[in-house]
Structure formats: C-alpha cells, structure tokens
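Architecture at a glance
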Amino acid sequence: MNQSTSGYIEPSDLSLFTDRYELAMMEGYYESGHDPLATFSVYFRHLPPDRGYAIAAGLEQVIDYVETIEFGESAIEFLTDQGFDEDFLSYLASFEFTGEMRALPEGTPVFPNEPLLEITAPILEAQLFETFVLNQVGFQTLVATKAARMADVIRRRGDEQALIDFGSRRAHGTDAGLKAARAAYVGGFDGTSNVLAGERFGVSTYGTMAHSWVQSFDTEREAFASFADVYGDDAIYLVDTYDTVRGAERAVTVTDERDVRLGGVRLDSGDLIDLSKDVSEIVGDAGIVVSSGVDEHFLRTFFDGGGVATAFGPGTALTTSKDAPDSGVVYKLTAIEGDGELSASMKLSPGKVIYPCEKEIYRVERDGSYRYDVLAQRDEMLEGAGEPQLTTIYEDGSCVYTPPDLGSVRERTRRELETLPPRHRRVRDPEVYDVHISDGLETATRETERTIRDREL
C-alpha cells in the first residue's frame, strides 16, 4: 500500500477507506446474486445543538472519490489476506460506479430529514460509499456550519472583519486539518494558516509569528526589530508574550525607528475585549488580529463589549466544531428494487424511523426570504411548492456536474444565509425552520410501515 510513514492516506488507498462490514455485505450480495437497485439517503435526523440550519459541504470530495476509486493490486492482496473470496475480489478489481447521484450543492442550507445526497445504484455499488461519504460530508458540513455562524455574526454585529482558520494544529489528523480549512472557506472564512490547504484548494494563506520567535531573542524589542528587518511593512507582531500593552508600544517604536509601516499586531491571551481597546489606542489604524478561544459565541460577546479588531483567528473551536463535534449524519436505505421497480423501504427502530422513497426538497421563498421547505417524493407533482433543491451529479455512472470554484460556493453560502430569516440563524435558541412533509410522502411512509409490520411483526 502507498501509505506514508506520517499516516497520511494517499488517494490510491481510499478504496480501503471503508468499514469491513461494507465489504462483507458486498461479498454476501455478490455470492448470493442479490444485487437489486437501491436508494441510500444521507441526512440529519436532528441538527446539532443550537443549530437552526446546517451548510452542505464535502460534495466535491465525494465526486473525486467516485471518479478515482480503484482496488489496485496492493488492495486486492491485502483483502486476499483478510480472507475475502477470489471471485468477489475479481469483481472489486474492476469496480465501476454505474448509478445515479443527486445532491444539494455545497453552500446550501439543509434541515432535518432532508437529503444532503442520494445515491441510487445496484446495492453492491451503493453499499461501498457509506463510510467515505459520511466521513467527508458529515465532517465538512459541521465545520462549514460553524464557520458560517461566525461569518454571520460578523456581518450582523461586526465591521467586515476577516476570518482566518488557525486550527490545523488542533485538527484530528492531517486530512481533517485540510478539509476543515476548505469547509471553513465554504462557510465564509477568508483564508487559512495552512499552506498545504492553500495549495490544494486555492485558498489564501496568512500568518504572523509565534511566542517562540519572541522568546528566542534576548528582548521583545530585539525580536520585533529582527522581524521588521525581514518583513518590513507586512510584519504583524504578536504582542502578548510578556505584557500586551507594552508589547504594542514596542511594536510602534520599532516600526517608527525603521521607517516601516506597522502592518498589525496579534492578541492571543488575556481579557481580549479590554486589551483590544487599549491596544487600539496605541496602534491607531494598524490591524489587530484576535485569536484564542474565538467562535461565534466569543464574537457576539466581543462585539457587545465594544472590542476592537480587524481580523479573527479561530482555531480549536472551528476545526473540531467544539460545541457540536458530532454531526449525526446517517446513510440509510430508503428504497429497494422489487418486481422491476423501486419500492419504498424504511427501518422501524424506536427513535430512528425514517422517511422512505427517493425524495426531493422544495424551498418556498416569499418577499426575498425563505419561508418553509416541503420534503416530498421525488416525482410527486406539487403546485406552488417552491424551487427543487437537489441537483443531479451522476447519471448512468457518468458525472454530469461540474463543481463550482470555492469562491462561488462561499458566495452561495452567504447569499443563501441572507435569505434565511435571522430568527433561524440565532447563535442561541434559534427558531426551528419549518419542513413540511408532503401528502404523498406521508402516505408512502404510513403504507410502508404498515406493509413491513404485516410482513415482519
């Protein structure tokens, strides 16, 4: 296998990025000749705490996965050692997606029970995608939502301050750090500190200095002087290593002496509201970057307290979605082929009942604001139900969708959120957005449950 010593997963290994039971079920389907057409739906049962919406993200990585997945020689050798059957492994060696995929475009608000993505394909194919899809879509949607909440607070309470992802070092692995930087940009951030994310996704990169730079010199003044000599007008000085106010004063003195512009200062500890006010009086029009513990709740408090900043650097709270680290997104079978056509399917486990069938989301807009959604059967004829939200990504195994650039996705997020009424965007206790269930879907749900109970219970 092509796994580096750092543990970073190379694209050629992603065929094995799946849970064993997916492959076990696939082998069982293959050996028994049971390969009906099936629809799997990816959705939230419930939104995370204090979320009035979620922002769909991660679709582009799903497309990349479907386009490049290949069970190569090393993967087949490993699965042989794991005891999988030779004929089944021959099938995997020639694996190819032949089905259909429909999804919400990235940057679209989504609500409980609404599909972020639906796959309809022979069950042998569709089963394989569960682990990767949940991993990428679930995580990126969490981070994009967290980022969107911060950006929304700044739009409503701030003064166009920049948001920079500072969280890579706190991410749960390299892939998580990269995808968090991407998802943060989708949600409305302006850039990232992670250079590889900048190279991979075309996102602007930013950075200042660490406390270790200051500590490595005999004095803070000497540290700032050396930094100014190297970076001139572009230098941003971390001023809280010893005393924040005196640090800000030294940054002004050093830049004045060298006749360079004070690019800015960064505050990373202490009472950031009061310190930002004090430092603002010292540095004038120079930028003030505030980091340490930044999230949407901090931002609201910061602005309410009259804090002064030109940029924020959220880290841990963003990259781990600290207050809501589990998306709860699921991948569930909602239709299965019988007698040559797709028939509704659902599970009846207490607390985990799902809406069956292939579905569509209709979003109703009036006077420039979203009013409610209608969750319906895919081909159900509805009058005045608003605009359909799901886009066809694959037809007959071929990709028919070109993902937009991230800048366009970021703008879509902003535009969509501005159309969602503020009461649903509140940081605390948002009002629940109405998702109506169509008559057809309600009927199909009752009939499917009745059929299953008559047959199985």
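Above this text you will find the structure in question.
These notes cover the structure that comes with them.

Calculation criteria
- Residues numbered from 1 in each chain as written.
- Predicted model: local features only at pLDDT ≥ 70, side-chain atom pairs only at ≥ 80, totals over all residues.
- Heavy atoms only, no water.
- Pairing = 2+ DSSP bridges.
- Helix = DSSP H or I, 4+ residues; strand = E, 2+ residues; numbered from the N terminus.
- Contact = heavy atoms within 4.5 Å.
- Axes fitted to C-alpha atoms, helices over the stretch in contact; angles between N-to-C directions.
- Buried < 20%, exposed > 50% of the residue type's maximum accessible area, 1.4 Å probe, protein only.
- Salt bridge = Lys/Arg side-chain N within 4 Å of Asp/Glu carboxyl O.
- Expected span 1.5 Å × (residues − 1).
- Arc of directions from axis to C-beta.
- Polar contact = N/O pair within 3.5 Å; in protein donor to acceptor, adjacent residues only side chain to side chain.

On to the sheet that holds strand β8 (residues 236-238). Taking strand neighbours across the sheet as the criterion, the six strands line up as β7-β6-β11-β10-β9-β8 in an open arrangement whose pairing is parallel. Edge positions in the sheet fall to β7 (191-192) and β8, since each of these pairs with one other strand and no more. Direction of pairing for strand β10 (residues 287-291) relative to strand β11 (residues 311-313): parallel, over a ladder of three bridges. Bridge pairing in β11 links Val-289 to Ala-311.

Looking now at the sheet that holds strand β18 (residues 398-399). Judged by pairing direction, the sheet is antiparallel, and its seven strands sit side by side in the order β13-β12-β1-β5-β3-β17-β18 without closing on themselves. Two strands in the sheet have a free side with no partner beyond their single neighbour: β13 (341-344) and β18. Sitting on the sheet, helix α6 (residues 130-157) is in contact with β1 (37-44), β5 (115-122) and β12 (329-338), with an inclination near 140° to β12.

Of all eight residues in β1, seven are buried; the element is thus mostly enclosed. Here β1 runs beside β5; their pairing, made up of seven bridges, is antiparallel. The partner of Leu-37 across the bridge, within β5, is Pro-122. Note that β1 and β12 share seven bridges and pair antiparallel. Residue pairing for β12: Thr-39 is matched across the bridge by Ala-335.

So, on to the pattern of salt bridges. If you walk through the whole model with that rule in mind, you get 31 salt bridges. Lys-359 is the salt-bridge partner of Glu-118, the closest N and O atoms lying 4.0 Å from each other. Of the two residues, Glu-118 sits in strand β5 while Lys-359 sits in strand β14 (residues 359-366), which places them 241 residues apart along the sequence. Looking at Lys-359, the relative accessible area reads 2%, which means it is buried.

Once that is clear, we can look at helix α15 (residues 406-419). For α15, which comprises 14 residues, the first-to-last C-alpha distance of 20 Å matches the rise-based estimate of 20 Å (1.5 Å per residue) to within 8%. Looking only at α15, the buried set comprises Leu-406, Val-409, Thr-413, Glu-416, Leu-417 and Thr-419. Angularly, the buried residues of α15 cover 155° about the axis, an arc narrow enough to put them on a single face. For α15, the N-terminal capping position is held by Asp-405, with its side-chain oxygen 3.0 Å away from the main-chain nitrogen of Gly-407.

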